[in-house]
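Working through the structure, step by step
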Amino acid sequence: MTSEAFSRPALDRRRFLGAALAAGVVLVAESTPIAAHAAAGDVTLTAGGISLLASVGGRLAIRDAAGVTRSAGSKFQVKDSVTGIHVSTGGTPTLSALPDGTPAIRMDYTFDAAAGPTGVTGWFSAGTSHAVLEWRVTGADTLVPDGFLFSRAIQAPTAPDDYIAITQWVRDAGGGIPYEDTLGVAHTSTWGTTLHGLFLLDRSRQAWTNATWVHAPGVADPAGGWTSRADFFFSETRPSATATIGRGRELGLELTTDRDFNLYESAGEQMELTALLANGGAARSIDLELWVRGFDGVLLASTTTTGSVAAAATWQHTFTLTAPAGGIALAEVVVKSGDDEAFARTNLAVLPSYDYQAGADSMFGIANYPWLQRPSADALLDLWQKVGISLVRIAYDGGPGLPPASFDARGIRHNIELQPSLDVTDAEAATWAADKLAVAVGAGAGYFEVGNELNRPFNTGDAAQGYLDKALRPVFDRRAVTGDAVKLMNDGLAGMDKPWVENFIAGGGWDLIDAFAYHPGRGNFTADYIPPGDDWNTGGDGTYWNFYGGLRQLKALMAEHGEKEIWLTEAYAPTKPNSWWHDTYRHAAENVLLTLALAKAEGVRCVCWYQFHDSVLGMSQAADPDNVEYHYGLMNRDLSPKPSLLAYATAARTLDQAAFRGQLTFADPQTFGLWFDIPTGPAVVLWNRADGYQLNTAGQRTDWHFPAPEVWVDPWPTKTTVVVAATTSVQQVDAVGQVRQIPVTGGNVTLTLDGAPRIYYGLTPRTDSQGHHTLTGTRTRRPNRSTTGDHR
């Protein structure tokens, strides 16, 4: 993990849209009359395509155009930080009106005495295929508005409910790359083939929503108390378009393709990119513009089409593209009408199948369970295996993600990590150890990682003894009694915490573990950076957060105290947009490749990448540009590949059966290389550090903000030419798998190196009489410094 102290200013457009929703700016279709009726304790509101029925006891039913109840609920729940959770015990509906005269149902909820002064009043109104549900909450200052929920039960759905984030792409006012932000989240339901419904909220946690309750956090009301709001829509289109039209936004855009994960098998395949335009305003003519660029900046496609879209309606167009020869294609579609426009981006890539051979010897893993199983668990596991993932860090029956049997069926190995508390008695620690060791054994875990990042405060060593006493030693002692074969790891440390390790060893911990685990968090440094000295700062921009320096530090400790398997149970390349401390999308791909190559060279047993998708558990696919935790994935929020995914696959395919022979040395001290032998011959990774080890230093940085270049822009100005002897053409493979043939001229090939690691096949490494490894006939020419900023 890394320290995160940066935040992004709120977006004006987002604030506007939130205000529009709160004010009830809705245009679903031509408005219809609203009929209101109250009799025998029941209150009914009817509008085009929808009706609401409220009854004594707090019940609210939402019915479709045929009068069929599709959702029914009767309770509201609040949370108090002192007295706990309180659920309404009843409610009385009355026919009333909103301040503007719109007919509305008022529901006065009742609570038992334990709720104290808590009061909740519901206000429900209807429009065309749309219901507005508001709950106004008053009570003690100790109420927790993030803990508000309302009940609902979906009646006779024909598919499981879903949680869909509604996002929009925005261009950063401070410069740099565009990014997605969340406009709301939808809890969706389906009846038959055409009728859909959704509860749309500005914010709602998926993890706090189930078949009975919907998380509906309150916002402060200027008049006092809090208001929770949900909009319900009946619709026949996708949730994103429903939200655009329902909120009265003029234009909205969503992109999809004809393949899972936007991945294609081979070059030249037809790719279909579909743009769904939603119009929340009046009828209009539109221009739809597409461009597609490769990782090298080449314009792969550019076209404009025109059309018209009716008021409160959708319009769809499919672009037909040709899959590139390799690497990744980056697409943007812009829709314009008058002064309004919207845009969206996605990535498409070619990733052929591959037959991995390393089996249980593979180094390639994933750090957490597959909790985002879209479009299906099978499709996700297919992709995991296609990119080379052979181990998952956490799997157990009853745990998050998939059960161990799902991985066993695929031949994917699995471990377990469970978090202890260090603030317990010895007896409680022993009980935890016995229970969790049984869970690990029952899961068939190969390794039990006893805890996660329990080394705070970092770089002090203070927590080592407590961890030994309350977590690791009780598990070790219990294993000695049971005789179980599962291997033990220490808690995966946050950073390579040398003082903690030294105290851990001094306390006898080295003899208790079969493998050593840590998380090499990394800031704006290249993966091969080794900070000078030992006094590494652990602050938000500290050199403690480096990859290779920590790994070499650990190797030095092992040389003194004995070898252990090294497991990097979380490795990272986070891509928080326009943040100088984090990787750009291009640097991330380069650092993924170099991280994995260096790990293989240093004999690391397994690297578990954190994590597979951009998202946060509990709010899946809800875009969060400010939260670094959201940006760790190999995949984008929309399930398309980041360049990082292709870099992971490139490394896994190159190093699947590789044996490390040694580091290459050159007369130029800024040129570096790693020599691997693979079944087809040598594979050499080369790069040059003429531009240094620190990233994102160019341009005007303000506070945390860095105007990141587009992914196809070459960030390395200095090009170093290296001439190497060769007898056949040399193949160069970059981080995203793009292949280039370099011809032989006069028995030599000319390589152009910079800060990006590349793989070369066809070179001939050799070892000299002093044991140094180098390339035959190497000559380095004076570096050239690019001034164009374009990718060569």
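Below is a short write-up of the structure. (Residues numbered from 1 in each chain as written. Predicted model: local features only at pLDDT ≥ 70, side-chain atom pairs only at ≥ 80, totals over all residues. Heavy atoms only, no water.)

**Some remarks on the overall build of the protein**
To be explicit about the condition: Where helices and strands are cited, they refer to DSSP runs of H or I of at least four residues and of E of at least two residues respectively, numbered from the N terminus. Atoms counted for the radius of gyration: C-alpha only. Globule rule: 2.2 Å times the number of residues to the power 0.38. Burial here depends on accessible area, computed with a 1.4 Å probe over protein chains only, as a share of the maximum for the residue type. Under 20% is buried, over 50% is exposed, and the range in between is partly exposed. Here, residues are in contact when the closest pair of their heavy atoms is within 4.5 Å. Accessibility throughout is a Shrake-Rupley quantity obtained with a 1.4 Å probe, and a residue counts as covered only by protein chains that appear here. We score Asp and Glu as negative and Lys and Arg as positive, and we do not count His or the chain ends. Taken as the charge centre is NZ of Lys, CZ of Arg, CG of Asp or CD of Glu, depending on the residue.
Helices and strands together make up the secondary structure of the protein, namely 10 helices and 49 strands. For 792 residues, the compact-globule estimate of 2.2 N^0.38 gives 28 Å, and the protein sits close to it at 29 Å. A buried classification covers 57% of the 792 residues belonging to the protein. When contacts within the protein are restricted to residue pairs at least 6 apart in sequence, those whose partners lie at least 24 apart make up 68%. Summed over its atoms, the accessible surface of the protein is roughly 30,200 Å², and 50% of this surface lies on carbon and sulfur atoms. Considering the protein, the positive charge centre built from 60 side chains and the negative charge centre built from 84 side chains are found 3 Å apart.

**A short note on the packing of helix α5 (residues 426–442) against helix α6 (residues 464–482)**
Condition: Between N-to-C directions, angles span 0 to 180 degrees; the directions come from axes that are lines fitted to C-alpha atoms, helices contributing only their stretch in contact. Throughout, the term roughly parallel applies to angles under 35 degrees, roughly antiparallel to angles over 145, roughly perpendicular to angles from 65 to 115, and oblique to all others. Crossing handedness: left-handed means the near helix sits turned counterclockwise from the far one by under a right angle, and right-handed means the same turn made clockwise. Lys, Arg, Asp and Glu make up the charged group, whereas Ala, Val, Leu, Ile, Met, Phe, Trp, Tyr, Cys and Pro make up the nonpolar group; the residues left over, Gly among them, are polar.
Between α5 and α6, the shortest axis-to-axis distance is 8 Å and the interhelical angle comes to 55 degrees. In this view, α5 runs oblique relative to α6, as classed from their interaxial angle. Every pair of crossing elements has a handedness; the one defined by α5 and α6 is right-handed. Each of Asp426, Ala429, Ala430, Trp432, Ala433, Ala434 and Leu437 in α5 lies in contact with α6, whose residues at this interface are Lys470, Pro474, Val475, Arg478, Arg479 and Thr482. Partitioning the contact of α5 with α6 into residue classes produces eight nonpolar, one polar and four charged.

**As for helix α2 (residues 239–246)**
For α2, the buried fraction is high: seven of the eight residues fall into the buried class. Three or more residues of α2 are buried, namely Ser240, Ala241, Thr242, Ala243, Thr244, Ile245 and Gly246. A positive backbone phi angle near 75 degrees is found at Gly248, which sits one or two residues after α2.

**Observations concerning the packing of aromatic side chains**
For clarity, the threshold we go by: Any pair of Phe, Tyr and Trp rings, taking the six-membered ring for Trp, is counted once the centres come within 6.5 Å. Such a pair is stacked with planes under 30 degrees apart, edge-to-face with planes over 60 apart, and tilted for the rest.
Evaluated as defined, the whole model comprises 33 aromatic pairs. Arranged with centres 5.4 Å apart and planes meeting at 85 degrees, the rings of Trp291 and Trp712 form a pair that is edge-to-face. Of this pair, Trp291 sits in strand β23 (residues 284–294) while Trp712 is found in the loop between β40 (681–688) and β41 (718–725), placing the two residues 421 residues apart along the sequence. For the residue pair Trp291 and Trp712, the accessibility class agrees, reading buried in each case.

**Some points on the sheet that holds strand β22 (residues 270–279)**
Put simply, the test is: By definition, two strands form a pair when at least two bridges between them are found by DSSP.
Across the sheet, three strands lie side by side as β20-β22-β25; this open sheet has antiparallel pairing. Single-partner strands in this sheet number two, and they are β20 (251–257) and β25 (313–322). Here the strands of the sheet are splayed against their neighbours by 20 degrees on average, with no regard to which way each runs.

**Concerning the environment of Asp141**
You can see Asp141 is positioned in the loop between β11 (130–138) and β12 (149–151). Separated by 61 residues in sequence, Asp141 and Asp80 place their C-alpha atoms 8.6 Å apart.

**Here we look at the side chain of Arg63**
For Arg63, the location among the structural elements is in strand β4 (residues 59–64). Those residues within four positions of Arg63 in sequence are excluded, and the remaining contacts are Thr44, Gly49, Ile50, Ser51, Leu53, Val68, Thr69, Arg70 and Phe234.

**Overview of the pairing of strand β9 (residues 103–110)**
Successive residues of a regular strand alternate their side chains across the two faces of the sheet. With eight bridges joining them, strand β8 (residues 90–97) and β9 adopt antiparallel strand pairing. Paired with Thr92 across the two strands is Asp108, which belongs to β9. Once β8 ends, the chain turns through five residues before running back antiparallel as β9, passing Gly101 with a positive phi of about 95 degrees. Bridge count for β9 against strand β10 (residues 119–127) is four bridges, and the pairing is antiparallel. The partner of Met107 across the bridge, within β10, is Gly122.

**Focus on α5**
What counts, and what does not: Expected helix span is given by 1.5 Å per residue-to-residue step, counting one fewer step than there are residues. Throughout, the arc means the angular range of directions from the helix axis out to the C-beta atoms.
Taking 1.5 Å of rise per residue, the 17 residues of α5 would be expected to cover 24 Å, and the 24 Å separating its terminal C-alpha atoms lies within 8% of that figure. When α5 is considered as a whole, its buried residues turn out to be Ala429, Trp432, Ala433, Leu437 and Ala440. Angularly, the buried residues of α5 cover 125 degrees about the axis, an arc narrow enough to put them on a single face. Residues of α5 that are exposed and angled more than 90 degrees away from the buried face: Ala427 and Gly442.

**What to know about the sheet that holds strand β5 (residues 69–73)**
In spatial order, the strands read β1-β2-β3-β4-β5-β13; together these six strands make up an open sheet with antiparallel pairing. The open sheet is flanked by β1 (35–39) and β13 (153–154), the only strands paired with a single partner. Alignment of β4 against β5, held across four bridges, turns out to be antiparallel. Bridge assignment links Arg63 to a residue of β5, and that residue is Thr69.

**Structural notes on the pattern of salt bridges**
Convention followed: Whenever a carboxyl oxygen of Asp or Glu lies within 4 Å of a side-chain nitrogen of Lys or Arg, that contact is scored as a salt bridge.
Inspection of every chain in the model, using the stated rule, returns 33 salt bridges. A salt bridge links Asp64 to Arg70, with the shortest nitrogen-to-oxygen separation between them at 2.9 Å. In this structure, Asp64 and Arg70 share a single accessibility class: buried. Across the salt bridge formed by Glu602 and Arg552, the nearest N and O atoms sit 3.9 Å from each other. Taken together, the positions of Glu602 in the loop between α9 (585–601) and β37 (606–609) and Arg552 in helix α8 (residues 548–561) put the pair 50 residues apart, joining distant regions of the chain. Residue class for Glu602 comes out buried when judged on its relative accessible area of 9%. Taking the relative accessible area as the measure of exposure, Arg552 reaches 36% and is therefore partly exposed. Overlapping salt bridges bring together Glu134, Arg136, Arg229 and Asp231 as one network.

**Regarding unusual backbone geometry**
Among all residues except glycine, the phi angle is most often negative; among peptide bonds, the trans geometry is most common. With an omega of -5 degrees, the peptide bond running from Arg374 to Pro375 counts as cis. Checked against the element boundaries, Pro375 lands in the loop between β28 (364–366) and α3 (377–387). A cis amide bond links Tyr610 with the next residue in sequence, Gln611, at an omega value of -5 degrees. Considering the arrangement of structural elements, one finds Gln611 in the loop between β37 and α10 (643–655). In this model, Ser129 sits at a positive phi of 55 degrees, which is unusual for a non-glycine residue. Structurally, Ser129 is set in the loop between β10 and β11.

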